[in-house]
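# Architecture at a glance
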There are 2 protein chains.
Amino acid sequence: MIFEPIFLDGNSDIPMYRQLYDSIREKICGGKLAVGEKMPSIRRISEELGVSRTTAEQAYQQLCVEGYLISRPQSGYYVEAAVTEKKAPPAEEPSEGESFSDVLFDFGSRYIDSRGSDLDLWRKYVRSVLSREDTVTSYGHYQGEPELRRELARYGMLLRGVNATPDRIVIGAGVQPLLSLICGLLGERAGRIGIESPCFPHAERVFRDFRLPISELGQDKYGVIPQEVYSSGANVLYLNPSNTESLGRPMPVSRRAELLEWAERTDGLIIEDDYNGALRFKSRPVPAMQGMGGTGKVIYLGSFSKLLMPSVRISYMVLPYGLAELYRSRGASYNQTSSKIEQLALAEYIRDGHIEKRLRRLRKIYSEKSQQLLTLLNEYFGRAVKIRLAETALCAEISLNSGKNARELAEIALAGGVRVIPMDAGEGSAKLRLSFAGIQPEKMPEGVKLLHSIIIPYCR
Amino acid sequence: MIFEPIFLDGNSDIPMYRQLYDSIREKICGGKLAVGEKMPSIRRISEELGVSRTTAEQAYQQLCVEGYLISRPQSGYYVEAAVTEKKAPPAEEPSEGESFSDVLFDFGSRYIDSRGSDLDLWRKYVRSVLSREDTVTSYGHYQGEPELRRELARYGMLLRGVNATPDRIVIGAGVQPLLSLICGLLGERAGRIGIESPCFPHAERVFRDFRLPISELGQDKYGVIPQEVYSSGANVLYLNPSNTESLGRPMPVSRRAELLEWAERTDGLIIEDDYNGALRFKSRPVPAMQGMGGTGKVIYLGSFSKLLMPSVRISYMVLPYGLAELYRSRGASYNQTSSKIEQLALAEYIRDGHIEKRLRRLRKIYSEKSQQLLTLLNEYFGRAVKIRLAETALCAEISLNSGKNARELAEIALAGGVRVIPMDAGEGSAKLRLSFAGIQPEKMPEGVKLLHSIIIPYCR
């Protein structure tokens, strides 16, 4: 009898059916019950082991669901399969990479200035949305909440000159999910992507993940060179016209017009990533290309992380009519990625005019901080390095002559308590960026001084 | 003189520099100032128009930034480019698709039962996270918050038998961003994807967007047939073993073991999507394949939308060691998609044991509701249709003989005030699903009665 060695403990915390299930399963997997063997009936089990019929039924049912037993009508239960599970190795607690506790001066780009952050106001809006029951217990619209799309259409026009209607706006949790969506919508049409060099790495990552052919395009002082676009064979062009890396300033309108003409002539498509496009503080922001007559040929991408809270993952794109229609026809098979609560909070925040107030305040704060940082860098590094302001990136960049590369120098600085952002650069030279977004103004002088003392021994 | 027709209004709300900028830009774009023409100096402008030098400087600076003017050192300002912007058509207010106001009985899957929803508790956790300043004003960890990954490793082992360590867990805003990540990480290695037929459409969408070759695999009563996997040439297999559509029950362990053996033998990879895997209520959930010795060959995907709040977009995956290493080496070029606030709230919610309590409550609620719905369907449709419970999908499915297809029948039902979910089915037959997740129990009898009276005229 198979039941002799089964001991069920009525005082255990483990339910009786579970104890029974475990014992039988053990016997099956241990080979004590062979595949094909007939099991005792539920009635017999309950009598022999002194358990209720319900207990025996529950155990058998679970064994059937998992495929160990099979129930044959008018016949009974049989052993169906014996599977020996391998024991998993015990889980280790891994190290979580670098520790943040020893960073005395953080010129990294993880933070924004909390003085400009409207934290209390943002909390108020999130709380107000949280209190609506139907909102929290239902799924969001796949395209993004209609309330937010309406506000974004208005906001995009007002602040960035973007020509948008809510039905052509798609919201997503950052630029990457939106670019994935674009690559999927374009399908075969995305034959070759032209990018600036260097390109925003998170965008390039998506194109490479989709295994799309990529052309890195040469630039002159106005940005990407139109002739290079024509000769590259690219049919999609990814640009950051507000924030061109190599220029350190926005792309001038004449070049924008030439690239729009390329799109018009060749039936090409431009993806305009307007990262921090509204955040310029040295002059008024340049309006978006999309509004320069490029509605049919431009996908506009906008985001809020630096404007609102870095922790909030909300970006949006404005699609041309054709792509918007294709997207909506497939809508049911795309899920929204952005938090519904945060979307609705943002909609009310924009509606009440706070984003404009916030922009004004941030421009003032960043204008002052950038000036302070540039002055400090000139004071300490002035003779040794090239210093440049990357305005919408909210960074100052120093180019050093060093035997070490940027990553090594950044690690040395971090070990000494100063976080900076390493950038690629040519042989024998290293570019480091110092973000002035997160650090408090009163910590900047000491931070720059410490950085100088740490890295100057490695510079030529 | 170009300045004669410029009228600046000192009483206007529009800043003087902006008025001046607009006027000059208009002249350039209107062709009244030719490209190459020299502009008057800042001093002369300020004198002739009676504005401050700062005002004139600001206007010129903006025109330079945008590329309309160029400043030549020791010479002055020149017209650089004349770009005529096309006027964008006025934005229309679009229709937002179907209106929800006329749905009397909602058997759709947009909602969950609010009795099980712990709304107040969830609010409490979100509020507590919101009150931490550093949390809100900083970016999250690209891989997902360490606190949450630690809880998920524990939770996955406890509830699903998943063998996970926090360093191999990646969090994302839903299954789609995670699948995109997987496709990107696999690159060339994802030669051909084998899927169940029908497949979870949101997953199939991602594979199609990546233009990966797809094999739809035949199934017997245990699920995907191993021989078909071998002969398909697939090297990646996407499965929903807890929730196999065609079976209406979990895949038995014997089949799981056979498929794991396929992965072991052919160096294949299994993506195990454990959608609602923990939510079974008729029997104890079947543990995940990943824990059955498949740690090295299985990517495990878990999610929370039905378990927690549909509005919360948090899913996670457990990667095998090799892929986890590759991901971490590329980490800096992937952004986290899930809301940091909601991640941290979920971490504390799990830590305090609420997810287990909630699961127990939901299982009870859904067990009762499924029984009620099946009884009602039998009562009204019993003779005419086939009725089946799709347990983890939280739906009952009816198969009708009708001249109309499922989509048409669902539209007819919706027009009559009842929302149901259309499913594909063969010629002359239509499958409709009724979710019992969101609808209140007291509304079910009238809802099923109304649905019956609406669609029975269309059935044979």
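Conventions we followed
- Residues numbered from 1 in each chain as written.
- Chains lettered and ligands numbered in written order.
- Predicted model: local features only at pLDDT ≥ 70, side-chain atom pairs only at ≥ 80, totals over all residues.
- Heavy atoms only, no water.
- 1 Å grid on protein atoms, 1.4 Å probe; cavity = no way out; pocket = protein on both sides within 12 Å on 5 of 7 lines; lining within 4 Å.
- Points joined across faces, edges and corners; volume = space filled by probe spheres on them.
- Helix = DSSP H or I, 4+ residues; strand = E, 2+ residues; numbered from the N terminus.
- Nonpolar A, V, L, I, M, F, W, Y, C, P; charged D, E, K, R; others polar.
- Salt bridge = Lys/Arg side-chain N within 4 Å of Asp/Glu carboxyl O.
- Axes fitted to C-alpha atoms, helices over the stretch in contact; angles between N-to-C directions.
- Left-handed = near helix turned anticlockwise from the far one by under 90°.
- Contact = heavy atoms within 4.5 Å.
- Phe/Tyr/Trp six-rings, centres within 6.5 Å; stacked < 30°, edge-to-face > 60°.
- Buried < 20%, exposed > 50% of the residue type's maximum accessible area, 1.4 Å probe, protein only.
- Lys NZ or Arg CZ within 6 Å of the ring centre and 35° of its normal.
- Domains from an automatic or database assignment.
- Pairing = 2+ DSSP bridges.
- Buried area = accessible area lost by both parts, 1.4 Å probe.
- Polar contact = N/O pair within 3.5 Å; in protein donor to acceptor, adjacent residues only side chain to side chain.
- pLDDT = per-residue confidence, 0-100.
- Expected span 1.5 Å × (residues − 1).
- Arc of directions from axis to C-beta.
- Least-squares fit on C-alpha atoms with pLDDT ≥ 70 in both.
- Parallel < 35°, antiparallel > 145°, perpendicular 65-115°, else oblique.
- Disulfide = S-S within 2.5 Å.

Enumeration according to the criterion identifies six cavities of 30 Å³ or more in this entry. Looking at the largest cavity, its volume works out to about 450 Å³. Forming the walls of the largest cavity are 33 residues, and the residues nearest its centre are Pro177(A), Ser180(A), Gln176(B), Pro177(B) and Ser180(B). Breaking the lining of the largest cavity down by element, the ones donating at least two residues are β4 (169–172), α7 (175–186) and α8 (201–209) of chain A together with β4 (169–172), α7 (175–186) and α8 (201–209) of chain B. A breakdown of the residues in the lining of the largest cavity according to their chemical character gives 19 nonpolar, 12 polar and two charged.

Looking now at the pattern of salt bridges. Applying the stated criterion to the full structure yields 44 salt bridges over all chains. Glu188(A) is paired through a salt bridge with Arg211(B); the nearest N and O atoms lie 3.7 Å apart. Here the residue Glu188(A) occupies a position in the loop between α7 and β5 (193–196), and Arg211(B) occupies one in the loop between α8 and β6 (214–217), the pair thus bridging two chains. In this structure, Glu397(A) engages Arg433(A) in a salt bridge whose closest nitrogen and oxygen atoms are separated by 2.8 Å. One end of the pair, Glu397(A), is in strand β14 (residues 395–401); the other, Arg433(A), is in strand β17 (residues 429–435), and 36 residues separate them in sequence. A single network of salt bridges, built from pairs that share partners, joins Arg388(A), Glu397(A), Lys431(A) and Arg433(A).

Residue and element names in this part refer to chain A. The geometry of α7 relative to α8 is characterised by a closest axis approach of 10 Å and an angle of 35° between their N-to-C directions. Crossing of α7 against α8: the hand is right-handed. When α7 is examined against α8, the residues Gln176, Leu179, Ser180 and Cys183 are found in contact with a partner set consisting of His202, Ala203, Arg205, Val206 and Phe207. Here the residues of the contact of α7 with α8 are counted per class, giving five nonpolar, three polar and one charged.

Residue and element names in this part refer to chain A. Following the criterion strictly, the structure yields 23 aromatic pairs over all chains and no others. With a centroid separation of 5.6 Å and an interplanar angle of 70°, the aromatic rings of phenylalanine 207 and tyrosine 238 are classed as edge-to-face. Taken together, the positions of phenylalanine 207 in helix α8 and tyrosine 238 in strand β9 (residues 236–239) put the pair 31 residues apart, joining distant regions of the chain. Comparing phenylalanine 207 with tyrosine 238, the two get one shared label, buried. By the ring-pair criterion, three or more aromatic residues cluster together here, those being Tyr155, Tyr300, Phe304 and Tyr316. The ring of tyrosine 78 has arginine 72 sitting right over it, with the charged end atom 4.4 Å from the ring centre. Arginine 168 extends its terminal NZ or CZ atom over the ring of tyrosine 321, reaching a point 4.3 Å from the ring centre.

Attention shifts here to the domain arrangement of chain A. Along its sequence, chain A is carved into domain 1 (16–79), domain 2 (105–109 + 357–458) and domain 3 (118–352). Between the C-alpha centres of domain 1 of chain A and domain 2 of chain A the distance comes to 69 Å.

Residue and element names in this part refer to chain A. Reading across the sheet, the four strands line up as β13-β14-β17-β16 and stay open at both edges, with antiparallel pairing between neighbours. Across the chains shown, the open sheet's two edge strands, defined by having one partner strand only, are β13 (386–390) and β16 (421–423). Recorded for the sheet is a direction-independent mean angle of 25° between the axes of neighbouring strands. In terms of strand pairing, β13 meets β14 through five bridges, oriented antiparallel. Within the sheet, the bridge partner assigned to isoleucine 387 lies in β14 and is isoleucine 398. Where helix α14 (residues 406–415) meets the sheet, it contacts β14, β16 and β17, and its direction lies at approximately 50° from that of β17.

So, on to the interface of chain A and chain B. Of the residues lining the interface, 107 residues belong to chain A; the matching set on chain B comes to 108 residues. Both sides together, the interface formed by chain A and chain B hides about 8,700 Å², and carbon and sulfur atoms give 53% of it. For the pair chain A and chain B, the number of links is four salt bridges. Asp209(B) is the partner of Arg330(A) in a salt bridge, and the nearest nitrogen-oxygen pair spans 3.4 Å. On inspection of chain A and its partner chain B, the count reaches 22 residue pairs in polar contact (both at pLDDT 80 or more). Grouping the amino acids of the side of chain A that touches chain B by side-chain chemistry returns 43 nonpolar, 32 polar and 32 charged.

All right, on to the confidence of the model for chain A then. Of all residues in chain A, 90% have pLDDT values of 70 or greater, and the mean over the chain is 84. Confidence drops under a pLDDT of 50 for residues 85–101 of chain A, and excluding neighbours within four residues, the segment shows 29 contacts in the predicted structure.

Take helix α4 (residues 119–130) of chain A next. An ideal rise of 1.5 Å per residue puts 16 Å on 12 residues; α4(A) measures up with 16 Å between its terminal C-alpha atoms. Those residues of α4(A) that sit buried are Leu119(A), Trp122(A), Arg123(A), Tyr125(A), Val126(A), Val129(A) and Leu130(A). For α4(A), the angular spread of the buried residues around the axis is 165°, confining them to a single face. Each element contacted by the buried residues of α4(A) is listed here: α5 (133–136), α12 (340–351) and α13 (354–381) of chain A together with α4 (119–130) and α5 (133–136) of chain B.

Okay, the sheet that holds strand β14 (residues 395–401) of chain B next. Residue and element names in this part refer to chain B. Spatially, β13-β14-β17-β16 is the arrangement adopted by the four strands of the open sheet, whose pairing is antiparallel. The open sheet terminates on both sides in strands that have one partner only, identified here as β13 (386–390) and β16 (421–423). Across the sheet, the mean angle separating the axes of adjacent strands is 25° when strand polarity is ignored. For β16 and strand β17 (residues 429–435), the ladder comprises three bridges, and the chain directions are antiparallel. Note on β17: the bridge partner recorded for proline 422 is leucine 432. Helix α14 (residues 406–415) contacts β14, β16 and β17 of the sheet and is inclined by roughly 50° relative to β17.

Residue and element names in this part refer to chain B. Relative to the helices and strands, tyrosine 60 resides in helix α3 (residues 53–66). Sequence-wise, tyrosine 60 and serine 315 are 255 residues apart; in three dimensions their C-alpha atoms are separated by 51 Å. Setting aside chain neighbours within four positions, we find tyrosine 60 in contact with Ile24, Met39, Pro40, Ile42, Ile45, Leu69 and Tyr77.

Here the focus is the relation of the copies chain A and chain B. Superposing chain A onto chain B takes a rotation of 180° plus a shift of 0.0 Å along the axis, which leaves an RMSD of 0.2 Å. In the structure described here, the two chain copies are related by an operation that fits a two-fold rotation axis.

Here we come to the environment of Ser329(B). Relative to the helices and strands, Ser329(B) resides in helix α11 (residues 321–330). A sequence separation of 162 residues divides Ser329(B) from Asp167(B), and the C-alpha atoms of the two residues are 12 Å apart.

On to the packing of helix α2 (residues 42–49) of chain B against α3(B), then. Residues and elements named next belong to chain B. It is the contact of α2 with α3, at a shortest axis distance of 9 Å, that shows an interaxial angle of 120°. Taken together, α2 and α3 sit at an angle that is classed as oblique. Taken as a pair, α2 and α3 cross one another with a handedness that is right-handed. Counting all contacts with α2, which are made through Ile42, Arg43, Ile45 and Ser46, the residues of α3 involved are Arg53, Ala56, Glu57 and Tyr60. Its residues assigned to classes, the contact of α2 with α3 shows four nonpolar, one polar and three charged.

A few words now on the pairing of strand β11 (residues 298–303) of chain B. Residues and elements named next belong to chain B. By the criterion of burial, β11 is predominantly enclosed, with six of the six residues buried. Side-chain alternation along β11 places Val298, Tyr300 and Gly302 on one buried face and Ile299, Leu301 and Ser303 on a second face that is also buried. Two elements, strand β10 (residues 269–273) and β11, share four bridges in a ladder whose sense is parallel. Bridging from a neighbouring strand, aspartate 273 pairs with leucine 301 of β11. Where β11 and strand β12 (residues 315–318) come together, four bridges link them in antiparallel fashion.

All names here are of chain B. The first and last C-alpha atoms of helix α1 (residues 16–29) sit 20 Å apart over 14 residues, in line with the 20 Å expected at 1.5 Å per residue. Inspection of α1 places Tyr17, Gln19, Leu20, Tyr21, Ser23, Ile24, Arg25, Lys27 and Ile28 among the buried residues, and these make up the whole buried set. Elements in contact with the buried residues of α1: α2, α3, β1 (69–72) and β2 (76–79).

Let us now look at the state of the cysteines. Residue and element names in this part refer to chain B. In the structure shown here, the tally under the stated rule is zero disulfides over all chains. With no disulfide partner, cysteine 395 has as its closest neighbouring cysteine sulfur the one in cysteine 199, 17 Å distant. For cysteine 395, a relative accessible area of 4% translates into the label buried.

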